[in-house]
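# Inside the fold
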Amino acid sequence: MANGGDRQAREASSPLAQRLTYLFESMHPPGAPYTNGHVAEEISRGEEYGGVTLTEQYLSMLRNGKRVNPSPDVLRALAKFFAVPVGYLMGDLSDSQAERVEEEVRFLAAMRDQRVRAIALRSVGLPPEVQDSLTTIICQFRQQMNLPTDPPCAGG
């Protein structure tokens, strides 16, 4: 039984399962994350997804690592739905490229927060030196609150 549990733990930690879980948790409208059923239904009924038919159960198996080798069409449809490069799901990107995709996802997720959006929009048009000063101030607040300073403050 321990071997079966070990196998399940390995499967659940497959790169595809991890990336899908990350996208489900991060890429959604304000409110709650998408469900497997919602994503499967949207992809299955939308012509823009290449006529792919996806079930809630199959998507669940992809997310929990029980299925790790979906067709390229399924991966393209999921990538299109979540607006990420298909190479991110296929594992074709370098580590730095995959990190860049995840950074963009974090940015989009942060922009769902109305307060974050307001701060960003209020800085538009300010001179670069003022924007740099604001970044420094925000980093200082993050440090005082024991929050990580990156990626939002990296290279600021």
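Read on for an overview of the structure. (Residues numbered from 1 in each chain as written. Predicted model: local features only at pLDDT ≥ 70, side-chain atom pairs only at ≥ 80, totals over all residues. Heavy atoms only, no water.)

### A closer look at the overall build of the protein chain
The secondary structure content of the protein chain amounts to 9 helices and 0 strands. Starting at the N terminus and ending at the C terminus, the protein chain contains elements arranged as α-α-α-α-α-α-α-α-α. Here the protein chain holds 156 residues, and the buried ones make up 27% of them. Within the protein chain, contacts between residues separated by at least 24 positions form 49% of all contacts whose residues are at least 6 apart in sequence. (Helix = DSSP H or I, 4+ residues; strand = E, 2+ residues; numbered from the N terminus. Buried < 20%, exposed > 50% of the residue type's maximum accessible area, 1.4 Å probe, protein only. Contact = heavy atoms within 4.5 Å.)

### A word on the packing of helix H3 (residues 36-45) against helix H4 (residues 56-63)
Put simply, H3 and H4 touch, their axes get as near as 8 Å, and they point 120° apart. Accordingly, the angle class assigned to the pair H3 and H4 is oblique. Handedness of the crossing formed by H3 with H4: right-handed. Across the interface between the two elements, Asn36, Gly37, Val39 and Ala40 of H3 pack against Glu56, Leu59, Ser60 and Arg63 of H4. In the contact of H3 with H4, the residues fall into 3 nonpolar, 3 polar and 2 charged. (Axes fitted to C-alpha atoms, helices over the stretch in contact; angles between N-to-C directions. Parallel < 35°, antiparallel > 145°, perpendicular 65-115°, else oblique. Left-handed = near helix turned anticlockwise from the far one by under 90°. Nonpolar A, V, L, I, M, F, W, Y, C, P; charged D, E, K, R; others polar.)

### Re the environment of Ala40
Within the secondary structure, Ala40 is located in helix H3. Spatially, the C-alpha atom of Ala40 lies 9.9 Å from that of Phe81, the residues being 41 residues apart in sequence. Setting aside residues no more than four positions away along its own chain, Ala40 makes contact with Leu54, Thr55, Glu56 and Leu59.

### Some thoughts on unusual backbone geometry
Its identity as a non-glycine residue notwithstanding, Ala83 has a phi of 55°, on the positive side. Along the chain, the position of Ala83 falls in the loop between helix H5 (72-82) and helix H6 (86-90).

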